[in-house]
Amino acid sequence: GTNNGGEINYVNINTATITSKHDKGVGAIAGLNSGAGTIKNCENRISMKQTSEKEWHPNTSGFVNTNYGKIDSCKNYGDVHSESALEVGTAGNVYYGLVSNSRNFGNIKGISKVSNVYSGGIVSMNETANGVSAVVEYSKSKGEISAKSKSSGSYAGGVAAWNSASVEHSGFEG
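Residues numbered from 1 in each chain as written. Predicted model: local features only at pLDDT ≥ 70, side-chain atom pairs only at ≥ 80, totals over all residues. Heavy atoms only, no water.

(A) Seen up close, a positive patch on the surface. A cluster of basic residues, Lys 49, Lys 109, Lys 113, Lys 148 and Lys 150, forms a positive patch at the surface. With respect to the secondary-structure elements, Lys 150 resides in the loop between β25 (145–149) and β26 (154–157). (Patch = residues over 30% accessible without salt bridge, like charges linked within 9 Å, V, L, I, M, F, W, Y side chains within 5 Å. Areas by Shrake-Rupley, 256 points an atom, 1.4 Å probe, with all protein chains shown as cover. Salt bridge = Lys/Arg side-chain N within 4 Å of Asp/Glu carboxyl O. Lys, Arg positive; Asp, Glu negative; His and termini not counted. Charge placed at Lys NZ, Arg CZ, Asp CG, Glu CD. Helix = DSSP H or I, 4+ residues; strand = E, 2+ residues; numbered from the N terminus.)

(B) Fine view of the sheet that holds strand β3 (residues 12–13). Strand order in this open sheet of six strands is β3-β8-β13-β18-β24-β29, and the pairing throughout is parallel. With partners counted over all chains shown, the strands left at the sheet margins are β3 and β29 (171–172), one partner each. Where strand β24 (residues 140–141) meets β29, two bridges bridge the pair, whose relative direction is parallel. Note that in β29 the partner of Lys 140 across the bridge is Gly 171. (Pairing = 2+ DSSP bridges.)

(C) Structural detail: the packing of aromatic side chains. Overall, the coordinates contain four aromatic pairs when judged by the stated rule. Pairing Tyr 118 with Tyr 155 gives two aromatic rings, centres 4.9 Å apart and planes at 10°, and the pair type is stacked. In this pair, Tyr 118 sits in strand β20 (residues 117–120) while Tyr 155 sits in strand β26, placing the two residues 37 residues apart along the sequence. On the basis of relative accessible area, Tyr 155 is assigned to the partly exposed category, the value being 32%. For the pair Tyr 118 and Trp 162, a centre-to-centre distance of 6.0 Å together with 80° between the ring planes defines the contact as edge-to-face. On the criterion of sequence distance, the pair formed by Tyr 118 in strand β20 and Trp 162 in strand β27 (residues 160–163) is long-range, its members being 44 residues apart. Residue Trp 162 is classed as partly exposed on the basis of its relative accessible area, which comes to 37%. Among the aromatic residues, those joined into a cluster by ring pairs are Tyr 118, Tyr 155 and Trp 162. (Phe/Tyr/Trp six-rings, centres within 6.5 Å; stacked < 30°, edge-to-face > 60°. Buried < 20%, exposed > 50% of the residue type's maximum accessible area, 1.4 Å probe, protein only.)

In structure tokens, the structure reads:
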């Protein structure tokens, strides 16, 4: 679902497995966190697996598939696995959003048959959009991060697989 300007606080997901074979992005807490949305003090402890037979590349993440808003003090303990993926991470894509004081302890694995794949411990892609820079700050990742593309580039990073914005006081504890 979408967090459209609201606030999601203290959500703990402990007992479920999300397995998706659709061509849509998946996030354990929300699919989309809009620019005015805040997700705070949440924990994901479930494993997530996504596969797609299509050439469209679903994104899979432990918190939010796409973040334009704020994610603060969240933790991911679940493994995130995506086949035919473009982006795989704890917070997925961050476009002029903020991820702060967050932790990943799960394994992140992305596999693509037809394009680049980006696997990041905190975010898959941390980008500047509409002249506003995304920020990852005071966040750490621990767990195995892997990316494998059968036809193109593979990018894996402890914090971000792709960064064209700002990463501050963050790191990988591998």
